[in-house]
Amino acid sequence: MIFELGFFYGKLGRSNVCCLLKQSVEKSSDLDGIAYIPFTESIDEIEYDTLKELRESNLKVKI
């Protein structure tokens, strides 16, 4: 996962990347200081927060 995150940082810029992290997964120390949105069971729980982040990044989102 860290390798892919680095790819997106390089391609999109750090301010345009946010990680979705399931709370039952141990967070690597490599993720300290990285923006992430935690969820418990399903990413459906954070749908609103994710859409909010996308809109704040000036991305057009169709629902």
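Remember, it's a predicted structure, so these values are computed and weren't measured experimentally.

### Some points on the state of the cysteines
1) Next: Within this structure, the stated rule accounts for 0 disulfides.
2) Next: Residue Cys18 stays outside any disulfide, its sulfur separated by 7.1 Å from that of Cys19, the closest cysteine.
3) Next: Taking relative accessible area as the criterion, Cys19 reaches 8% and is therefore assigned buried.

### Describing the pairing of strand E2 (residues 36-39)
In regular strands, side chains alternate between the two faces of the sheet.
1) Next: The alternating pattern of E2 places Ile37 and Phe39 on a buried face, while none of Tyr36 and Pro38, on the opposite face, is buried.
2) Next: Both strand E1 (residues 19-22) and E2 contribute to a ladder of 4 bridges, which runs parallel. Following the sheet pairing, Leu21 is matched in E2 by Pro38.

### What to know about the packing of aromatic side chains
1) Next: Tallied over the entire structure, the rule returns 1 aromatic pair.
2) Next: With 5.5 Å between their ring centres and 75° between their planes, Phe7 and Phe8 make a pair best called edge-to-face.

### Observations regarding the confidence of the model for the protein
Do not read the fine detail of predicted coordinates wherever pLDDT is low.
1) Next: Of the residues in the protein, 90% reach a pLDDT of 70 or more, and the chain-wide mean stands at 81.
2) Next: Per-element confidence in the protein ranges from a low mean pLDDT of 81 for helix H1 (residues 2-12) to a high of 88 for E2.

### Observations concerning a negative patch on the surface
1) Next: The grouping of Glu41, Asp44, Glu45 and Glu47 at the surface amounts to a negative patch.
2) Next: Locating Glu47 in the fold gives a position in helix H2 (residues 47-56).
3) Next: Among the residues examined, Glu47 registers a relative accessible area of 45% and is labelled partly exposed.

### Regarding a nonpolar patch on the surface
1) Next: Taken together, Phe7, Phe8 and Leu12 make up a surface patch of nonpolar side chains, about 310 Å² in accessible area.
2) Next: With respect to the helices and strands, the residue Leu12 is situated in helix H1.
3) Next: Overall, Leu12 belongs to the partly exposed group, its relative accessible area being 46%.

Cut-offs and rules
Residues numbered from 1 in each chain as written. Predicted model: local features only at pLDDT ≥ 70, side-chain atom pairs only at ≥ 80, totals over all residues. Heavy atoms only, no water. Disulfide = S-S within 2.5 Å. Buried < 20%, exposed > 50% of the residue type's maximum accessible area, 1.4 Å probe, protein only. Helix = DSSP H or I, 4+ residues; strand = E, 2+ residues; numbered from the N terminus. Pairing = 2+ DSSP bridges. Phe/Tyr/Trp six-rings, centres within 6.5 Å; stacked < 30°, edge-to-face > 60°. pLDDT = per-residue confidence, 0-100. Patch = residues over 30% accessible without salt bridge, like charges linked within 9 Å, V, L, I, M, F, W, Y side chains within 5 Å. Areas by Shrake-Rupley, 256 points an atom, 1.4 Å probe, with all protein chains shown as cover. Salt bridge = Lys/Arg side-chain N within 4 Å of Asp/Glu carboxyl O. Lys, Arg positive; Asp, Glu negative; His and termini not counted. Charge placed at Lys NZ, Arg CZ, Asp CG, Glu CD.

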